[in-house]
Amino acid sequence: MRKHAVAASAAAVLLGISGVCAGSAANATPTGAPVPTDAPRTPKTLVIGVDGASFDVLEQAETPSIHALQQGGLTATSNLPASPMAPTVSGAGWSTIATGVWPDKHRVTDNNFTNPNYAQFPDYLTRIEQAAPQRSTFVVGTWGPISTTVFGSAVDERVQGKNDADTTAKAVERLSTGNPDDVFVHLDEVDGAGHSTGSSSAAYRAALKTADQQIAKIVGAVEQRPDYANEDWLIVVTADHGHTPTGGHGGASRLERKTFVIAKGAEFAAGSTRDDVRIADIAPTVLAHDGIARKTDWELDGEAVNDIVPDDFDALRPKLRGAVDEKGLVGITGWTNEAPEGWTVDNSKMPTGGSTEFRGWTFMTDDFFSNAELGQHRENNVRSRNVFAVADSDEWDDVSPKSSRNFDSTLVTPEYPLNGAATVDISFVSDYAVDDPQGAGVRVSFDEASGLQPQKLVDYPANGTRANPVNQVEHFSYELPRDAKGRLPKSIRLNFSYSGINSAFWAIDQVRVSQPDAPTPDPAAIAVSAPSVAAGSAVTVTGTGFAPGEQLALELHSTPVSLGTATADASGTLSQRVTIPASAPAGAHTLVAKRADGSEVAIPLAITAAPGTGANGSTGSGANGTAAGNGTAAGGSVGSGANGANGATAAGAGTDAQGTAGAKGDGLAVTGASDPAGIVILGAALLALAGVGIAFGTGRARRTAA
Ligand SMILES: [Zn+2]
C-alpha cells in the first residue's frame, strides 16, 4: 500500500504537468487547476461474490442494488460444470472465479482443498501482485477458505469477516479510508439460507435482500471515495453455485448449475446482455481492466469479456428451436439442425430415425445439450460458449425404440482461402466423450484444382468407458502439403467426422483457421558472368535461393529459346555455363530460369553480334559509325553494353553475311530495350517458396501448446 501511495503521487505529478502543457497550448491554466476530465483514470476493481445465489430467484427478489448494476452494465448467465469435473460446491466455484480456469485445471473439486493446483493457476489478485506489485490488493470473506486458501499469500491483505455484516463493514472501512486497487468480497449467508430452507423459500429471498443491501453499502463506499472522479471502477457481482428449491447443491440440476456475471464498468454498455460469458472469464476481465497483459503460458480458460469473439455457430441463436422428441427438454429453446452459412452437414451415412434433435451434427446451447440426460459428462463441456456443434450417438439412439444403428455424420467447415504461407494455424474447442466403440477425427481437404487428397489432422480414441479423453482447446500448426510441382493449395476445409453405436458424444466450438503472414518475396535470383555476350559464345549463369535439387530450364527470352537445364545443389545454388545460339540477334534480351512451379527468375543479358568477318565488321562499323567495337573480328570481345545495341542495328542492317541472322533477329523481339544494360537482378519470382519447395509430398500437423 505504501508503494502504491508513491505511485499515485507520481501519477498526480504527471497529470499536473500534462495539464499545464494542455493549458499553455490554449489559455494559460494556473498551476494546480483541476485535472482535465479526459486524463487517464486509475483502474480499480471490486468483485463481490454472493455464495449460493440463484440467478432466477435473485431476479425476482427485492434486490434493487444488483438490478441497478445490471441496468448500468452487463448481465450474462451461464452454467457451471458438474460431476465428474467437479460438483456444484463452493471450493470449485470460487476457485474457478479466482483463477480463470476450470476445475480440471485448478483441481479443487470439493471444500477440503485436498490437492489444489494454485501453484500453476493462482488467483487473479496474486497475478496482479506479480505483474503490478505497486497495486494494493484486498480480500475479505465470511467463508474462511476465501481469505486463507483460494486467494494466496501474495495478496496484500486477507481478512475473514465474522459474518456478512462484519465482512461488509470491513470492506466499507477499507474502501472509505484506504486506497485499495483490487478488492474481492465474499458474502456467505444466502448460501446458509439456501441450505436451511431452500431457494424457493421466503427466508432465501430475504437473505438475498440483505445481501443486496450489503452490496449497496459496498458500492456506495466506492462511489463516495474522495477521488472517485479520477478512478475507473469495474464492479462485478457473481455466485459460485445455485440452490435446489428445497435446499442444497452439489448436483447437476439447472438451479444448482446456473450462475451469472454482472459487470458494471466503462467497458460495458448499460443494460447489455451476453450468452457467451462464463464465470472463468471474471479473472481475465479484471486483469484486462487493470491493463495487465495476459500471458499465453498462464493457460487461462477464461477470456476478458470484451475479447470474446463470437463464432459462426453463435449466429444460429435466433434460429434455435424447442424440443421435438426429447421429453426432458420441453420448455428449453436451444437447438437447430440448420448449419451456419457456408457450413454443411453430411448425413448421407446417417440411418433414419432416432432423436430428431440429435440426428447427425446439430447445433445447441449448453442448457439443451447437458440437460438431455444429466450425469453423462455433457456438463463438462465448459470451454464451449453460446451455441456449439454436437454429434451425440448416445442421445440420438436413446429415444424409444432404440435403433442400435450406427450414427455417422460429418460436419464440413466453409472454405478458408490460404495466403501462400506454408502453415495453417487451426484451433477449436473440443469436448470428446467415449463410452463404447466409436470413431472421430478431423480431416483437412483442399481446393479441387490442387489435386491433393484429404489428410488427417487428428484422430480421437475409439474405445473407453464413459470419460472425456479430450476436453480442451485444440491447437495445431498444420504444414500444408504441396502438389507434384511444389505448389501450395489455394484453400482448405476441415471435416469433423464422428461415428458410433449408442456410445457417447463429441462437441466442438470456436473453430478458427488463420495463417502466419504470407511469405516474403522469393529470394531466388540469378546472375550472369558478363552483362553482355556475343551470339554464339558462352556465359556462366549462377543462382541462389532455389530449392535443394530444384531443376530449372534456362531460356533466352522474349520468344523462348532453350539454353538447356540447370540443377540447384543441396544449398539451393547453381552454376551452369550456357552457349548463346549463334543465330541470336544482337540486342537486349532476358535470360530466364523457369522453376519447377512454373514461375520465372530473370536477368537482362545484352547480346552482341557474333564475331564476324573483317569485311562484315567493317561494313557494320562503316554503316553505323559508332559501332566500331563490334566491327572488329574479335568484336565479340564485347563492346560496351550501350554500343552493343547500336551494334545490333549494324549487324542487322549493314551486313550481307549476317543478313539471315538479322532477319531472324527481327522476329526475336528484343526485350527490355529501354532498360539500362547492366547488372540489375530482376529475379524475384512471382510464386512459390524457396527452401521448402517440392520436398514435401504430404502435410503434417503439430499440436501446439497454447
Ligand atoms: Zn453451500
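This text follows the structure it describes.
Cut-offs applied
Residues numbered from 1 in each chain as written. Predicted model: local features only at pLDDT ≥ 70, side-chain atom pairs only at ≥ 80, totals over all residues. Heavy atoms only, no water. Helix = DSSP H or I, 4+ residues; strand = E, 2+ residues; numbered from the N terminus. Contact = heavy atoms within 4.5 Å. Areas by Shrake-Rupley, 256 points an atom, 1.4 Å probe, with all protein chains shown as cover. Donors = N, O, S within 2.8 Å, 3.2 Å for Na, K, Ca; no water. Buried < 20%, exposed > 50% of the residue type's maximum accessible area, 1.4 Å probe, protein only. Salt bridge = Lys/Arg side-chain N within 4 Å of Asp/Glu carboxyl O. Phe/Tyr/Trp six-rings, centres within 6.5 Å; stacked < 30°, edge-to-face > 60°. Pairing = 2+ DSSP bridges. Axes fitted to C-alpha atoms, helices over the stretch in contact; angles between N-to-C directions. Parallel < 35°, antiparallel > 145°, perpendicular 65-115°, else oblique. Left-handed = near helix turned anticlockwise from the far one by under 90°. Nonpolar A, V, L, I, M, F, W, Y, C, P; charged D, E, K, R; others polar. Core = buried A, V, L, I, M, F, W, Y, C linked by side-chain atoms within 4.5 Å. Expected span 1.5 Å × (residues − 1). Polar contact = N/O pair within 3.5 Å; in protein donor to acceptor, adjacent residues only side chain to side chain.

Caption draft 1: Quick peek at the overall build of the chain. Summing up its helical and strand segments, the chain has 18 helices and 29 strands in all. Pairs at least 24 apart in sequence give 72% of the contacts found in the chain among residues at least 6 apart. Taken as a whole, the chain presents about 28,900 Å² of accessible surface, with 53% of it coming from carbon and sulfur.

Caption draft 2: Representation of the coordination of the zinc ion. The zinc ion binds to the protein through Asp191 (OD), Asp191 (OD), His195 (NE2) and His249 (NE2); the donor distances cover 2.1 to 2.5 Å. Sequence spacing of the donor residues for the zinc ion, all on one chain, is D-x3-H-x53-H. Pair noted here: Asp191 and His195 are both in helix α9 (residues 189-197), with a separation of four residues, about one helical turn. You can call Asp191 buried: its relative accessible area is 9%.

Caption draft 3: Looking closely at the pattern of salt bridges. On inspection of all chains with the given rule, the structure shows 28 salt bridges. The salt bridge partner of Asp394 is Arg378, with a shortest N-O separation of 3.4 Å. Here the residue Asp394 occupies a position in helix α14 (residues 393-397), and Arg378 occupies one in the loop between α13 (366-370) and β12 (388-392), the gap between them amounting to 16 residues. Pair check on accessibility: Asp394 and Arg378 agree, each one buried. In this structure, a network of salt bridges that share partners links the residues Asp104, Lys105, Asp301 and Arg383.

Caption draft 4: Quick look at the environment of Gln576. Assignment of secondary structure puts Gln576 in strand β26 (residues 574-579). Distance from Gln576 to Thr542, taken between C-alpha atoms, is 6.4 Å for residues 34 residues apart in sequence. Those residues in contact with Gln576 that lie beyond four places of it in its chain are Val539, Thr540, Val541, Leu554, Thr565 and Ala566.

Caption draft 5: Representation of unusual backbone geometry within the structure. Following Ser83, the chain continues to Pro84 via a peptide bond in cis, the omega torsion being 10 degrees. Tracing the sequence through the fold places Pro84 in the loop between β2 (74-79) and α4 (90-99). Of note in the backbone geometry, His377 takes a positive phi value of approximately 80 degrees without being a glycine. With respect to the secondary-structure elements, His377 resides in the loop between α13 and β12.

Caption draft 6: Quick look at the packing of aromatic side chains. Considering all chains together, one arrives at 18 aromatic pairs under this definition. Ring centres 5.5 Å apart and planes at 45 degrees place the aromatic pair Phe55 and Phe260 in the tilted group. Here Phe260 lies in strand β7 (residues 258-264) and Phe55 lies in helix α2 (residues 55-60), a separation of 205 residues in the sequence. The burial state of Phe55 is the same as that of Phe260; both residues are buried. Ring geometry for Phe369 against Phe388: centres 5.7 Å apart, planes inclined by 80 degrees, an arrangement best described as edge-to-face. Separated by 19 residues along the polypeptide, Phe369 in helix α13 and Phe388 in strand β12 bring together distant segments of the chain. Phe388 matches Phe369 in its accessibility class, with the two residues each being buried. Chaining the aromatic ring pairs together yields one cluster made of Trp361, Phe428, Tyr432, Tyr460, Phe476, Phe496 and Trp506.

Caption draft 7: Examining the sheet that holds strand β6 (residues 231-238) more closely. Taken together, the eight strands give an open sheet; going across it, the order is β4-β3-β5-β1-β6-β7-β2-β8, and neighbouring strands pair in mixed fashion. Bordering the open sheet on either side are β4 (157-160) and β8 (272-274), each of which pairs with just one other strand. Pairwise comparison of adjacent strand axes, ignoring direction, gives a mean angle of 15 degrees for this sheet. Judged from the five bridges that link them, strand β3 (residues 137-141) and strand β5 (residues 182-187) form a sheet pairing that is parallel. If you follow Gly141 over to β5, its bridge partner there is His186. Here helix α3 (residues 64-72) sits on the sheet and contacts β2, β6 and β7; the angle it forms with β7, its principal contact strand, is near 65 degrees.

Caption draft 8: View of the pairing of strand β13 (residues 407-412). Here β13 lies mainly inside the structure; six of its six residues are buried. Strand direction decides the pairing type here: strand β10 (residues 344-346) and β13, joined by three bridges, are antiparallel. Looking across to β13, one finds that Val345 is bridged to Leu411. Bridge count for β13 against strand β19 (residues 491-500) is six bridges, and the pairing is antiparallel. Bridge pairing in β19 places Thr410 opposite Ser497.

Caption draft 9: Molecular detail of the packing of helix α6 (residues 124-131) against helix α12 (residues 282-289). Their axes nearest at 10 Å, the elements α6 and α12 cross at an angle of 30 degrees. Here α6 is positioned roughly parallel relative to α12, judged by the angle of their axes. Here the hand of the crossing between α6 and α12 comes out right-handed. Between α6 and α12, the contacting residues are Tyr124, Arg127 and Ile128 on the first element and Ala283, Val286 and Leu287 on the second. By residue class, the composition of the contact of α6 with α12 is five nonpolar, no polar and one charged.

Caption draft 10: Looking closely at the nonpolar core. Formed by 54 residues in total, the largest nonpolar core has its most connected members in Phe428, Phe496 and Trp506. When residues in this core are grouped by element, the largest group, six residues, is from strand β15 (residues 423-434). Leaving out residues up to four positions away in the same chain, Phe496 has contacts with Trp361, Ser409, Thr410, Leu411, Thr413, Phe428, Gly441, Val442, Trp506, Ile508 and Val511. By size, the runner-up hydrophobic cluster in this structure holds 43 residues, among which are Leu80, Val139, Leu234 and Ile308.

Caption draft 11: Representation of the environment of Thr590 in the model. Position of Thr590 relative to the elements: it lies in strand β27 (residues 587-594). Given a relative accessible area of 15%, Thr590 falls into the buried group. Sequence-wise, Thr590 and Glu555 are 35 residues apart; in three dimensions their C-alpha atoms are separated by 8.3 Å.

Caption draft 12: Summary view of the sheet that holds β27. With mixed pairing, the five strands of this open sheet are ordered in space as β22-β28-β27-β24-β25. At either end of the open sheet lies a strand with only one pairing partner, and these are β22 (532-534) and β25 (561-567). On average, adjacent strands in this sheet sit at an angle of 30 degrees to one another, irrespective of strand direction. Bridge count for strand β24 (residues 551-557) against β25 is six bridges, and the pairing is antiparallel. Along β25, the bridge assignment pairs Glu555 with Ser562.

Caption draft 13: Up close: helix α8 (residues 164-177). With 14 residues, α8 should reach 20 Å at 1.5 Å per residue; the first-to-last C-alpha distance of 20 Å fits that figure. Every buried residue belonging to α8 is among Asp164, Asp166, Thr167, Thr168, Ala171, Arg174 and Leu175, and all of these are buried. Of the surrounding secondary structure, the elements contacted by the buried residues of α8 are β3, β4, β5, α9, α10 (202-223) and β6. For α8, the side-chain oxygen to backbone nitrogen distance between the N-cap and Ala165 is 3.1 Å, and the N-cap itself is Asn163.

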